[in-house]
Amino acid sequence: MQLPPKVTQRAFDRLAEINADRSAPQALRIAVEGGGCSGFQYDIKLEETPASDDIVLEGGGQKVLIDPVSLPFLENAVIDFTDELIGARFVVENPNATSSCGCGISFSM
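Throughout what follows, the structure given in this document is the object of discussion. Note that the structure is predicted; figures quoted are calculated from it, not measured.

The rules we used
- Residues numbered from 1 in each chain as written.
- Predicted model: local features only at pLDDT ≥ 70, side-chain atom pairs only at ≥ 80, totals over all residues.
- Heavy atoms only, no water.
- Pairing = 2+ DSSP bridges.
- Helix = DSSP H or I, 4+ residues; strand = E, 2+ residues; numbered from the N terminus.
- Salt bridge = Lys/Arg side-chain N within 4 Å of Asp/Glu carboxyl O.
- Polar contact = N/O pair within 3.5 Å; in protein donor to acceptor, adjacent residues only side chain to side chain.
- Contact = heavy atoms within 4.5 Å.
- Buried < 20%, exposed > 50% of the residue type's maximum accessible area, 1.4 Å probe, protein only.

## Here we look at the pairing of strand 4 (residues 55-59)
- Inspection of the sheet shows strand 4 paired to strand 5 (residues 62-66) by five bridges, in the antiparallel sense. Looking at the pairing, Gly59 lines up with Gln62 of strand 5.
- Two successive antiparallel strands, strand 4 and strand 5, enclose a turn made up of two residues, where Gly60 displays a positive phi of approximately 60°.

## Quick look at the pattern of salt bridges
- A complete count under the given rule lists six salt bridges for this structure.
- In this structure, the salt-bridge partner of Arg14 is Glu17, at a minimum N-O distance of 3.1 Å. On the criterion of helical spacing, the pair formed by Arg14 and Glu17 is a turn pair, its members being three residues apart in helix 1 (residues 9-19).
- In this structure, the salt-bridge partner of Arg29 is Glu47, at a minimum N-O distance of 2.9 Å. A residue pair is termed long-range when its members are at least 10 positions apart, and Arg29 in strand 2 (residues 27-34) and Glu47 in strand 3 (residues 40-47) qualify at 18 residues.
- Each member of the salt-bridge network shares a partner with another, and the members are Arg29, Asp43, Lys45, Glu47 and Asp54.

## Observations concerning the side chain of Glu47
- Within the local environment of Glu47, its side chain forms a polar contact with the side chain of Arg29, the two groups lying 2.9 Å apart.
- Those residues within four positions of Glu47 in sequence are excluded, and the remaining contacts are Gln26, Ala27, Arg29 and Leu65.

## Re the side chain of Asp54
- Tracing the backbone shows Asp54 in the loop between strand 3 and strand 4.
- Residue class for Asp54 comes out buried when judged on its relative accessible area of 11%.
- At 2.4 Å, the side chain of Asp54 and the side chain of Arg29 are in polar contact.
- A polar side-chain atom of Asp54 sits 2.8 Å from the main-chain amide nitrogen of Ala51.
- Not counting the four nearest positions on each side in its chain, Asp54 is found in contact with Arg29, Leu65, Ile66 and Asp67.

In structure tokens, the structure reads:
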């Protein structure tokens, strides 16, 4: 049994801010794809409708979507939102990654 990632309250709060002025709230999709400088990369985007086989993580009326192919790569990860001098973004803290590049988007296992 694979444990889904955890989503921080800060990430759900930021998603709520993004959706505050929308008539149809969007969910945050976190996917893992092949590519990037370390072998795998995160694809993080907003979507209106979950797929029928998505894992849906909910908090504060907000949703984070993960497809079943990406789930094994995200087991026990933490999805957070960070606001630093270099920019504000959703980030994935992944204990399964053995290395990552400087951008934080690409990783290897």
